Amino acid sequence: MTAGSGGARRAVVLLSGGLDSCVTAAIAARDGWEIWALHVRYGQRTDAREFRAFGQVAEALGIDAARQMVASIAHLAATGGSSLTDPSIAVSDANMGASSPPTSYVPFRNANLLAIGVSWAETIGASRVYIGAVAEDSSGYPDCRPEFYAAFGEAVRLGTVAADIRIETPVIAMDKAAIIRQGMSLGAPLACTWSCYRESEVACGTCDSCALRLRGFQRAGIEDPIPYAVRPTYA
């Protein structure tokens, strides 16, 4: 099937199994898009746990197997440079005030993910690619900044046949508390999601991702439904 021939309002949603992508998918569904869920495995520490979360979130949102794709880009693990893909690099504890990328930064990861999403979108006739990027994370992750997505969107316009595929980042301006509230209001399956960078059964509570998630739930006044080894209070 080529771009533009699908008929339905189709959208590819990058669905990692994490909190932000889950809420992003719920927003796309609310806005009337037929979701085609893309999960990318890139050799991350918690790959199996994230894959399990992806399956649970997709099932809860009613995304059947025919509208799911799992891609592997193991070259990101081979490239290294990140504590998520290189076991010799320790995952650092959260530092909310840091101005440089944490050890968990995977160089140019989101561009790799988006490229796959756009290729699939053009093939199935989808006119949107949704990604759960959050600017709150952008002090550490340059590929979470709004200007990155604006530039990537222009590359997509120039590099696709129909030139009508748009990159959507509906939670990019929200903080975690707002994302959680939005997810709750939409009935998103937040209990199915996984965010920890270190562990796969009981979240550590102290890595960057756990800290941002816990702080978001605490500020939203909602109990995080997943298990933690420790639950620090984050200001």
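Above this note sits the structure.
Conventions adopted
- Residues numbered from 1 in each chain as written.
- Predicted model: local features only at pLDDT ≥ 70, side-chain atom pairs only at ≥ 80, totals over all residues.
- Heavy atoms only, no water.
- Helix = DSSP H or I, 4+ residues; strand = E, 2+ residues; numbered from the N terminus.
- Expected span 1.5 Å × (residues − 1).
- Buried < 20%, exposed > 50% of the residue type's maximum accessible area, 1.4 Å probe, protein only.
- Contact = heavy atoms within 4.5 Å.
- Pairing = 2+ DSSP bridges.
- Axes fitted to C-alpha atoms, helices over the stretch in contact; angles between N-to-C directions.
- Left-handed = near helix turned anticlockwise from the far one by under 90°.
- Nonpolar A, V, L, I, M, F, W, Y, C, P; charged D, E, K, R; others polar.
- Right-handed = clockwise from strand over helix to strand, strands pointing away.

### Examining helix H4 (residues 109-124)
- Between its terminal C-alpha atoms H4 stretches 23 Å, which fits the 22 Å expected from 16 residues at 1.5 Å a residue.
- Of the positions making up H4, those classed as buried are Asn110, Ala111, Leu113, Leu114, Ile116, Gly117, Val118, Trp120, Ala121 and Ile124.
- Contacts made by the buried residues of H4 are with strand S1 (10-14), strand S2 (34-41), strand S3 (68-72), strand S4 (128-130), helix H5 (146-159) and strand S5 (166-168).
- Looking one or two places after H4, you find glycine 125, whose phi comes out positive at around 80 degrees.

### Some points on H5
- The end-to-end C-alpha separation of H5 is 20 Å, in line with the 20 Å expected for 14 residues at 1.5 Å each.
- In this fold, the buried residues of H5 make contact with H4 and S5.

### Side note on the environment of threonine 24
- Considering the arrangement of structural elements, one finds threonine 24 in helix H1 (residues 19-30).
- When the C-alpha atoms of threonine 24 and glutamate 168 are compared, they prove to be 9.2 Å apart, with 144 residues separating the residues in sequence.

### Brief notes about the environment of alanine 11
- On the secondary structure map, alanine 11 appears in strand S1.
- Placed 110 residues apart in sequence, alanine 11 and alanine 121 show a C-alpha to C-alpha distance of 7.2 Å.
- When sequence neighbours within four positions are dropped, the list of residues in contact with alanine 11 reads Trp33, Glu34, Ile35, Trp36, Ala126, Arg128 and Tyr130.

### Notes on the sheet that holds S4
- Taken in spatial order, the five strands line up as S3-S2-S1-S4-S5 in an open sheet, and their pairing is parallel. The open sheet has two free edges, formed respectively by S3 and S5, since each of these has just one partner strand. When strand polarity is set aside, the average angle formed by the axes of neighbouring strands in this sheet is 25 degrees.
- In terms of strand pairing, S1 meets S4 through three bridges, oriented parallel. Within S4, the position partnered with valine 12 by the bridge is valine 129.
- Packing of helix H2 (residues 47-60) onto the sheet brings it into contact with S2 and S3, and relative to S2 it is tilted by some 170 degrees.

### A few points about the packing of H4 against H5
- The geometry of H4 relative to H5 is characterised by a closest axis approach of 12 Å and an angle of 35 degrees between their N-to-C directions. Considering how the two elements wind past one another, H4 and H5 form a crossing that is right-handed. Contacts between H4 and H5 involve Asn110, Ala111, Leu114, Ala115 and Val118 from the former and Phe148, Tyr149, Phe152 and Val156 from the latter.
- Split by residue class, the contact of H4 with H5 holds eight nonpolar, one polar and no charged.

### Description of the pairing of S3
- Looking at chain direction, S2 and S3 are connected through five bridges and run parallel. Bridge pairing in S3 places arginine 41 opposite serine 72.
- Viewed along the sheet, the connection from S2 through H2 into S3 turns out right-handed.

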